[in-house]
Amino acid sequence: MRAGGLAGEIVGYARSAETRAVARALFCDRVTETAAEAVEGADLVVLAVPVGAMGAIAAEIGPHLKPGATVTDVGSVKQAVVDAVAPHLPAGVHFIPGHPMAGTEYSGPRSGFATLFQNRWWLLTPPEGCDAGALARLRGLIEAMGAKVDTMDAGHHDLVVAVVSHVPHAIAYTMVGVADHMRRVSQSEVIKYSAAGFRDFTRIAASDPTMWRDVFLTNKEAVLDILGRFAEELFVLQRAIRMGDGEHLHAYFTRTRAIRRGIIEAGQDTAAPDFGRAVTPAQDG
Ligand SMILES: NC(=O)c1ccc[n+]([C@@H]2O[C@H](COP(=O)([O-])OP(=O)(O)OC[C@H]3O[C@@H](n4cnc5c(N)ncnc54)[C@H](O)[C@@H]3O)[C@@H](O)[C@H]2O)c1
Ligand SMILES: O=C(O)C(=O)C[C@]1(C(=O)O)C=C[C@@H](O)C=C1
């Protein structure tokens, strides 16, 4: 928003003075010491805390929102955010939950960069009867940041992202756990000789523990459903390996390669740029 000059004034709130100072230096016109102050007079409020913290923030800001303001969020799970936030918002405020399908394993205000949303999907889950004008304005802002907008209902969103984001993270966390266990057995060789595939797993497994704890706790049903399906597929693969069924393996890998190539053709595999500056993981603030 800052790079594109898309907002009249950007006001930020974070709990720690240190985080507020960094945000002020990098992209906020003004920072405040309470969330309530930050939303006074705002046309648009963006909640960007872990999913489990959304309800408390909504309760804090609810009474201070301007009539006609739009509230959105960037949480990775949607139904739980709707349930936690909506009861705290006064009538006349438009709540349009959202989820940018873009991010990195880094946290804190230094981890943002202006091209993060370029050519990425940003999913919105407007409630039934959502104000068309408010939705059009939010969509316009997101598109001006370079993202593509799609709308769907919150429950469907949660199932889709369980497949494309949440379960892949669970698998990466688990695989790195297995390697860590093996490391004790083989004295560091597993890490030392790990090539690109495993390195990608370790990048994902370095993501913020609070954020991902909340994702798994609040999207429990969809994640368990997809993990069950994953386990079934894994058994089939295991059996094919055990039985020496090369034909099955080749056909399966040919299908999965086509999926990967489809993603590349759709322009979705844009790696995060090198920030060129130190980024601290999981800043507490
Ligand atoms: N990182 C990603 O890849 C990514 C991508 C899309 C969506 N998201 C979602 O965006 C949201 C923010 O994630 P992020 O990566 O920007 O995290 P972040 O750690 O950079 O920012 C979250 C901030 O919330 C603060 N916070 C935590 N609990 C709080 C509380 N109770 N009250 C007030 N502040 C609190 C943290 O201190 C931190 O400053 C999460 O809901 C996450 O699921 C993250
Ligand atoms: O590349 C990464 O670090 C990410 O995992 C980003 C990612 C994802 O799964 O694609 C993580 C969680 C979000 O809710 C959206 C984006």
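Analysis parameters
- Residues numbered from 1 in each chain as written.
- Chains lettered and ligands numbered in written order.
- Predicted model: local features only at pLDDT ≥ 70, side-chain atom pairs only at ≥ 80, totals over all residues.
- Heavy atoms only, no water.
- Pairing = 2+ DSSP bridges.
- Helix = DSSP H or I, 4+ residues; strand = E, 2+ residues; numbered from the N terminus.
- Axes fitted to C-alpha atoms, helices over the stretch in contact; angles between N-to-C directions.
- Parallel < 35°, antiparallel > 145°, perpendicular 65-115°, else oblique.
- Contact = heavy atoms within 4.5 Å.
- Nonpolar A, V, L, I, M, F, W, Y, C, P; charged D, E, K, R; others polar.
- Near = heavy atom within 4 Å.
- Polar contact = N/O pair within 3.5 Å; in protein donor to acceptor, adjacent residues only side chain to side chain.
- Buried < 20%, exposed > 50% of the residue type's maximum accessible area, 1.4 Å probe, protein only.
- Expected span 1.5 Å × (residues − 1).
- Phe/Tyr/Trp six-rings, centres within 6.5 Å; stacked < 30°, edge-to-face > 60°.
- 1 Å grid on protein atoms, 1.4 Å probe; cavity = no way out; pocket = protein on both sides within 12 Å on 5 of 7 lines; lining within 4 Å.
- Points joined across faces, edges and corners; volume = space filled by probe spheres on them.
- Salt bridge = Lys/Arg side-chain N within 4 Å of Asp/Glu carboxyl O.

- In the nomenclature of an unreviewed UniProt entry, the protein chain is known as Prephenate/arogenate dehydrogenase family protein of Tabrizicola soli.

### Topic: the sheet that holds strand β3 (residues 44–47)
Phase 1 of the analysis: Read from one edge to the other, the open sheet built from three strands follows the order β3-β4-β5, with strand pairing classed as parallel. With partners counted over all chains shown, the strands left at the sheet margins are β3 and β5 (94–95), one partner each.

### Quick word on the packing of helix α10 (residues 220–243) against helix α11 (residues 246–265)
Phase 1 of the analysis: It is the contact of α10 with α11, at a shortest axis distance of 8 Å, that shows an interaxial angle of 140 degrees. For the element pair α10 / α11, the angle class is oblique. Each of Glu-233, Val-236, Leu-237, Ala-240 and Ile-241 in α10 lies in contact with α11, whose residues at this interface are His-248, Leu-249, Tyr-252 and Phe-253.
Phase 2 of the analysis: When grouped by side-chain class, the residues that make up the contact of α10 with α11 number seven nonpolar, one polar and one charged.

### Points about the site of ligand 2
Phase 1 of the analysis: The immediate surroundings of ligand 2 are formed by 13 residues, with Ser-76, His-99, Ser-165, His-169 and Arg-203 found nearest.
Phase 2 of the analysis: In this structure, an oxygen atom belonging to ligand 2 sits 2.7 Å away from a side-chain N or O atom of Ser-76.
Phase 3 of the analysis: Elements that contribute at least two residues to the shell around ligand 2 include exactly β6 (98–100), α6 (154–186), α8 (196–204) and α9 (209–218).
Phase 4 of the analysis: Tallied by class, the residues present in the shell around ligand 2 amount to five nonpolar, six polar and two charged.

### Things to note about unusual backbone geometry
Phase 1 of the analysis: Phi angles above zero are rare outside glycine, and Asn-119 is one such case at about 60 degrees.
Phase 2 of the analysis: Assignment of secondary structure puts Asn-119 in the loop between β6 and β7 (121–124).
Phase 3 of the analysis: By relative accessible area, which is 31% here, Asn-119 ends up partly exposed.

### Side note on the sheet that holds strand β8 (residues 148–151)
Phase 1 of the analysis: Overall, mixed pairing links the three strands, which are arranged β6-β7-β8 in an open sheet. The strands lining the two open edges of the sheet, one partner per strand, are β6 and β8. Each neighbouring strand pair of the sheet contributes to a mean axis angle of 20 degrees, computed without reference to strand direction.
Phase 2 of the analysis: As judged from the three bridges shared by β6 and β7, these two strands associate in the antiparallel manner.

### Describing helix α5 (residues 132–144)
An α-helix turns once per 3.6 residues; consequently, residues spaced three or four apart project the same way.
Phase 1 of the analysis: For α5, which comprises 13 residues, the first-to-last C-alpha distance of 18 Å matches the rise-based estimate of 18 Å (1.5 Å per residue) to within 8%.
Phase 2 of the analysis: If you follow the buried residues of α5, they end up packed against β3, β4 (70–73), β5, β7 and β8.
Phase 3 of the analysis: Taken from the residues just after α5, Gly-146 is the one with a positive phi, measuring 100 degrees.

### Re the packing of aromatic side chains
Phase 1 of the analysis: Inspection of every chain in the model, using the stated rule, returns three aromatic pairs.
Phase 2 of the analysis: With centroids separated by 5.8 Å and ring planes inclined at 40 degrees, the aromatic side chains of Trp-212 and Phe-216 adopt a geometry described as tilted. Highlighted residues: Trp-212 and Phe-216, both in helix α9, separated by four residues, approximately one helical turn.
Phase 3 of the analysis: For the ring pair Tyr-252 and Phe-253, a centre distance of 6.3 Å and an interplane angle of 65 degrees mean the geometry is edge-to-face.
Phase 4 of the analysis: Residue classification places Phe-253 among the partly exposed residues on the basis of a relative accessible area of 46%.

### Quick word on the layout of surface pockets
Which parts of space are left empty comes out when a probe the size of a water molecule is rolled across the atoms.
Phase 1 of the analysis: In this structure, the second largest pocket occupies an estimated 170 Å³ of space.
Phase 2 of the analysis: Forming the boundary of the second largest pocket are Asp-43, Leu-44, Lys-66, Pro-67, Gly-68, Ala-69, Thr-70, Ala-134, Arg-137, Leu-138 and Leu-141.
Phase 3 of the analysis: With four residues, the single largest contributor to the lining of the second largest pocket is α5.
Phase 4 of the analysis: Residue classes in the lining of the second largest pocket are distributed as six nonpolar, two polar and three charged.

### Quick word on the pattern of salt bridges
Pairs may arise between side chains of opposite charge once their charged atoms sit close together.
Phase 1 of the analysis: Under the defined criterion, the tally for this structure stands at eight salt bridges.
Phase 2 of the analysis: The salt bridge involving Arg-30 is made with Glu-9; its shortest N-O contact spans 2.8 Å. Highlighted residues: Arg-30 in strand β2 (residues 30–32) and Glu-9 in the segment before β1 (11–13), separated in sequence by 21 residues.
Phase 3 of the analysis: Among the residues examined, Arg-30 registers a relative accessible area of 35% and is labelled partly exposed.
Phase 4 of the analysis: The exposure class of Glu-9 is partly exposed, given its relative accessible area of 45%.

### As for the side chain of Thr-70
Phase 1 of the analysis: With respect to the helices and strands, the residue Thr-70 is situated in strand β4.
Phase 2 of the analysis: Once you skip the residues sitting within four places of it in the chain, Thr-70 turns out to touch Asp-43, Leu-44, Val-45, His-94, Ile-96 and Ala-134.

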